[in-house]
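Residues per chain are reported as follows:
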Amino acid sequence: MQRRPPDTLPAAANGSCLKGESNGMLPPADFKEPDRKDTVALKKKVTLLRGISIIIGTIIGAGIFISPKGILQNTGGSVGMSLIVWTACGILSLLGALSYAELGTCIKKSGGHYTYILEAFGPLLAFVRVWVELLVIRPAATAVISLAFGRYILEPFFVDCEIPELPIKLMTAVGITVVMVLNSMSVSWSARIQIILTFCKLIAILIIIVPGIMQLFKGETQHFTNTFVGKDVSIMGLPLAFYSGMYAYAGWFYLNFVTEEVDNPEKTIPLAICISMVIVTIGYVLTNVAYFTTISAEELLLSKAVAVTFAERLLGKFSLAVPIFVALSCFGSMNGGVFAVSRMFYVASREGHLPEILSMIHVRKHTPLPAVIVLYPLTMVMLFSADIYSLLNFLSFARWLFIGLAVAGLIYLRYKRPDMPRPFKVPIFIPALFSFTCLFMVSLSLYSDPVNTGIGFAITLTGVPAYYLLVIWDNKPKWFRKFSNETTRVLQILLEVVPAEQGKTH
């Protein structure tokens, strides 16, 4: 997995399946050379509306509907403090999103965190980031959100009894398979479905907000009396409240994963980010306010699915629609996450940090098929693992550590490369405040939750020897190189993929 120099990228149009003749790999016998007018490359199909749908559709998942109690628990059960943290996390996410808007308009490459860390701090840290994402974070995150999809799509059929685990996992496996197939077959259809699902999410939030506001007008404010009364808020609980809040807002960075496919990125990325974050922050805060018009803090902490509890009390028979909307919301997050993160793997492979096959494009569908389906077996393994929720807790710190580093890289690039074109530029205090907060909370979590954070830190560190073994070590055994080349050749024939034509993104 040597890093591929930019001028050695292969052109699909010449009929070559691989980056060099020395590999001895040939196109499949029935392979037809693509038309020069229809080059094999990722197309610029992400418009402003699709960009907004990627961000909103990925941010709004199951958490806001099922159990937004992480913040309430870690703020001592104080309603007022929990609402402040929800608002603060939204504002902080907006600062990070604005920083990513600058990064996305001055570094016009897909890949998100990976690309920005690579540009600012070099290949080692970038490899560690994509290593942890590929092996653990993304499969575990996809499995968790998919399990919520499986549970809530079955909820209307098990009204009076508990849903057995086997049907949940089978339905979850079906949902994961559909998402993988969809992202493998068509960028356009994946984006269109994402738009539809985003509207479903917003409708679901309105179903909660509107009755909640009506409750306020009726004077149902008893749960807002003594708003800041609760257990003492511990400074050590704040990092965990921060993780819960930032996890709920996570997704504002996913448009930057597909920068090369964004139409007019200089305008589209900043606009999509700003519009999306304002909508999500207002929606999240109002949704939590609506919950507290009907449910007390104590009841919310005991509820397994607060949106369902809320709907049962206020909406009567219509409450059966809420689990369906929650399931659709989860499906949208699954779809948006796979669509975006597969581009990180595609770019990392293009840089030589992951197997070469992951940087190849389907000859007709023009999708990064190998980079999409590489997640499938890993996600299925996570799905049937016993403790994926703990695994996500282990690695929460890793996600925010690298996001903080990526934004710190923006500050570094201001001094390292002052002449870099910056169509969208934010005041320096914005990335400084965001990166400082992320890194401070990550450091504080080492004290507040040393076991889980320490395990996550250890898992992340495995990327260092992996980098030297898989990327830096040139003198790999001959049998290993032969096996790698033959495997790549077979996969190319089976998947009908070739390297993207150099420099072409339509």
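Residues numbered from 1 in each chain as written. Predicted model: local features only at pLDDT ≥ 70, side-chain atom pairs only at ≥ 80, totals over all residues. Heavy atoms only, no water.

1. Some thoughts on the pattern of salt bridges
Here the structure, examined in full by the defined rule, presents 13 salt bridges. In this structure, the salt-bridge partner of Glu102 is Arg414, at a minimum N-O distance of 2.8 Å. Taken together, the residues span a long stretch of sequence, with Glu102 in helix 4 (residues 79-106) and Arg414 in helix 16 (residues 388-416) at a distance of 312 residues. For Glu102, a relative accessible area of 1% gives the class buried. One continuous salt-bridge network, built from bridges that share partners, spans Glu102, Arg414 and Arg422. (Salt bridge = Lys/Arg side-chain N within 4 Å of Asp/Glu carboxyl O. Helix = DSSP H or I, 4+ residues; strand = E, 2+ residues; numbered from the N terminus. Buried < 20%, exposed > 50% of the residue type's maximum accessible area, 1.4 Å probe, protein only.)

2. With respect to unusual backbone geometry
You will see that Asn264, though not glycine, has its phi angle at about 55°, which is positive. Tracing the sequence through the fold places Asn264 in the loop between helix 9 (238-249) and helix 10 (265-294). With a phi close to 55°, His366 is a non-glycine residue in the positive phi region. Mapping His366 onto the fold places it in the loop between strand 1 (360-362) and helix 14 (369-373). Residue class for His366 comes out buried when judged on its relative accessible area of 7%.

3. Describing the environment of Leu255
Relative to the helices and strands, Leu255 resides in the loop between helix 9 and helix 10. Take Leu255: its relative accessible area is 0%, and that puts it in the buried class. Separated by 204 residues in the primary sequence, Leu255 and Gly51 place their C-alpha atoms 6.3 Å from one another.

4. A few points about the side chain of Ser146
Within the secondary structure layout, Ser146 lies in helix 6 (residues 123-154). When sequence neighbours within four positions are dropped, the list of residues in contact with Ser146 reads Thr172, Ile176 and Met334. (Contact = heavy atoms within 4.5 Å.)

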